[in-house]
Amino acid sequence: SPDWYRSRRYPQLPFSIELVKVGSRLGYRWFGVYAVTSENDDGPTQYCEINWLDQEPERESSDYEIYLQKLERIQRNIDFYKGYSQPPTRDEYRRWNLTGKYSVGRSW
């Protein structure tokens, strides 16, 4: 919650939200800014997957190819919470716990 961070006097929130428009398609995504070392430092940005508000253009439409090219460029930046839309199953959690392999973006 933004209120929690503000109550602890963080210089800035570690996350924000932005609208994403790719061709005629509109969505939003969360992104985080971490490792802020000074007031003028934005730190590295980590982008989450896009939550789309509408359907992708029809494959037969004239702008579909342009849409795909723009989408590919944007998706290259997604490096945080990629592919996770729900908590892990009990078996996934146990497997990760036993192997010591944790996936970025999963925290409980």
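What counts, and where the lines are drawn
- Residues numbered from 1 in each chain as written.
- Predicted model: local features only at pLDDT ≥ 70, side-chain atom pairs only at ≥ 80, totals over all residues.
- Heavy atoms only, no water.
- Patch = residues over 30% accessible without salt bridge, like charges linked within 9 Å, V, L, I, M, F, W, Y side chains within 5 Å.
- Areas by Shrake-Rupley, 256 points an atom, 1.4 Å probe, with all protein chains shown as cover.
- Salt bridge = Lys/Arg side-chain N within 4 Å of Asp/Glu carboxyl O.
- Helix = DSSP H or I, 4+ residues; strand = E, 2+ residues; numbered from the N terminus.
- Buried < 20%, exposed > 50% of the residue type's maximum accessible area, 1.4 Å probe, protein only.
- Polar contact = N/O pair within 3.5 Å; in protein donor to acceptor, adjacent residues only side chain to side chain.
- Contact = heavy atoms within 4.5 Å.
- Phe/Tyr/Trp six-rings, centres within 6.5 Å; stacked < 30°, edge-to-face > 60°.
- pLDDT = per-residue confidence, 0-100.

(A) Geometry of a nonpolar patch on the surface. There is a patch of nonpolar side chains on the surface, built from Leu-19, Leu-26 and Leu-53 and spanning about 300 Å² of accessible area. With respect to the secondary-structure elements, Leu-53 resides in the loop between β4 (51-52) and α2 (64-75).

(B) Inspection of the side chain of Arg-29 at higher detail. Here Arg-29 shows up in strand β2 (residues 25-33). By relative accessible area, which is 7% here, Arg-29 ends up buried. At a separation of 2.7 Å, a polar atom in the side chain of Arg-29 contacts the side chain of Glu-18. Apart from the residues within four sequence positions on either side, Arg-29 is in contact with Ser-16, Ile-17, Glu-18, Val-20, Tyr-47, Cys-48, Glu-49, Ile-50, Ile-74 and Ile-78.

(C) Layout of the packing of aromatic side chains. Applying the stated rule across the entire model yields 5 aromatic pairs. Considering the side-chain rings of Trp-4 and Tyr-5, the 4.9 Å spacing of their centres and the 85° angle between planes classify their relative orientation as edge-to-face. Relative to Tyr-47, the ring of Phe-31 has its centre 5.8 Å away and its plane inclined at 40°; by these criteria the two rings are tilted. One end of the pair, Phe-31, is in strand β2; the other, Tyr-47, is in strand β3 (residues 45-47), with 16 residues separating them in the sequence. Residue class for Phe-31 comes out buried when judged on its relative accessible area of 17%. According to the relative accessible area criterion, Tyr-47 is buried, its value standing at 19%. Here the aromatic cluster, defined as three or more aromatic residues joined through ring pairs, consists of Trp-4, Tyr-5, Phe-15 and Trp-30.

(D) Expanded view of the confidence of the model for the protein. Confidence in the prediction of the protein, expressed as mean pLDDT, is 77, and 73% of residues score 70 or more. Across the protein, element-level confidence peaks in α2 with a mean pLDDT of 91 and bottoms out in helix α3 (residues 90-99) with 75. Under a pLDDT of 50 for its full length, residues 102-108 has, in the predicted model, 19 contacts with residues more than four places off or in other chains.

(E) The pattern of salt bridges, seen in detail. Per the stated rule, a full pass over the model turns up 3 salt bridges. Between Asp-3 and Arg-6 there is a salt bridge, with its nearest N and O atoms 4.0 Å apart. Placement of both Asp-3 and Arg-6 in helix α1 (residues 2-7) is noted, with a separation of 3 residues, approximately one turn of the helix. As far as burial versus exposure is concerned, Asp-3 and Arg-6 are alike and both exposed. Salt-bridge contacts for Glu-18 lead to Arg-29; the nearest nitrogen and oxygen are separated by 2.7 Å. Of this pair, Glu-18 sits in strand β1 (residues 15-22) while Arg-29 sits in strand β2; the two residues are 11 residues apart in sequence, bridging distant segments of the chain. Residue Glu-18 is classed as partly exposed on the basis of its relative accessible area of 26%.

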